[in-house]
Amino acid sequence: QPPAPEPEQRDSRLFVAGGGAELIVGALAQAIIATRLCGVGDADALRRVVAAIDRRYRFCVARDPVWSGLLGDFAEQERQSLAEGATRSLGTFALRAFERTRGAEAEAQGQAAYCAALPWKMLVDPAARTPEALAALKQTNPTLDLAQGFAWFDWIVGLGRDTAWTEAPCDKEFWPKFAGPAKR
């Protein structure tokens, strides 16, 4: 068992992990909303990421209770989930909260506007990134950084496909590293 990190290091670990959760689960919520509103992608693949986040959270808390600080406002929901013997945890609770806020935003935008705002099909389905589709998208959105967005969503979906990271050491980091788009 490695020595416990100093309090300042603990705080920074929670800050970084919490920021990552906000970005990752926020993107997942938007993509899940897109599967429902726009009829694109695989909601089950996206929900597997949420289940992996739940497993990772429980794994890390079992090794270092400091990680429980990630729950914040979800602590009561966590207590209920544990009492029920359920696997719901950080990922599930954060997703529900984001689905409420992002869902309300999507509803206010309207289905057509939400579905047109981002290239959802290509973001959540790499097979849709044909040369023709990419060229058409680049022509209508010349400033859109396609490589970064695609790499980000591929990485997020990959968290649910390859779950070895859920049981990786969490003495320093909660999330695996995001490498960004492949260099050409």
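This text goes with the structure placed above it.
Residues numbered from 1 in each chain as written. Predicted model: local features only at pLDDT ≥ 70, side-chain atom pairs only at ≥ 80, totals over all residues. Heavy atoms only, no water.

Participant: Would you mind going over the pattern of salt bridges with me for this structure?
Facilitator: In a structure, side chains of opposite charge can pair up when their charged atoms sit close to one another. Using the criterion set out here, one finds seven salt bridges in the structure. A salt bridge links Arg58 to Glu78, with the shortest nitrogen-to-oxygen separation between them at 2.8 Å. Placement of Arg58 in helix 2 (residues 43-63) and of Glu78 in helix 3 (residues 75-84) is noted, with a sequence separation of 20 residues between them. (Salt bridge = Lys/Arg side-chain N within 4 Å of Asp/Glu carboxyl O. Helix = DSSP H or I, 4+ residues; strand = E, 2+ residues; numbered from the N terminus.)

Participant: Is there a simple way to explain the state of the cysteines in this structure?
Facilitator: As used in these notes, a disulfide is a covalent bond between sulfur atoms, one from each of two cysteines. If you walk through the whole model with that rule in mind, you get one disulfide. Note that Cys38 is cross-linked by a disulfide to Cys115, the S-S spacing being 2.1 Å. Between Cys38 and Cys115, the S-S dihedral sits near -100 degrees, and the bridge is therefore left-handed. Taken together, the residues span a long stretch of sequence, with Cys38 in helix 1 (residues 7-38) and Cys115 in helix 5 (residues 111-117) at a distance of 77 residues. Look at Cys38 and you get partly exposed, because its relative accessible area is 23%. (Disulfide = S-S within 2.5 Å. Buried < 20%, exposed > 50% of the residue type's maximum accessible area, 1.4 Å probe, protein only.)

Participant: Would you take a moment to explain the packing of aromatic side chains for this structure?
Facilitator: Aromatic rings considered in pairs are described by the distance between their centres and by the relative angle of their planes. Evaluated as defined, the whole model comprises nine aromatic pairs. When the centroid spacing of 5.5 Å and the interplanar angle of 20 degrees are considered together, the rings of Trp152 and Trp155 count as stacked. Taken together, the positions of Trp152 and Trp155, both in helix 8 (residues 146-161) and three residues apart, correspond to about one turn of that helix. Relative to Trp175, the ring of Phe174 lies with its centre 4.9 Å away and its plane at 75 degrees, an arrangement referred to as edge-to-face. Of the two residues, Phe174 and Trp175, neither departs from the other in class, the shared state being buried. An aromatic cluster is defined as three or more aromatic residues linked by ring pairs; in this entry it consists of Trp67, Trp165, Phe174 and Trp175. (Phe/Tyr/Trp six-rings, centres within 6.5 Å; stacked < 30°, edge-to-face > 60°.)

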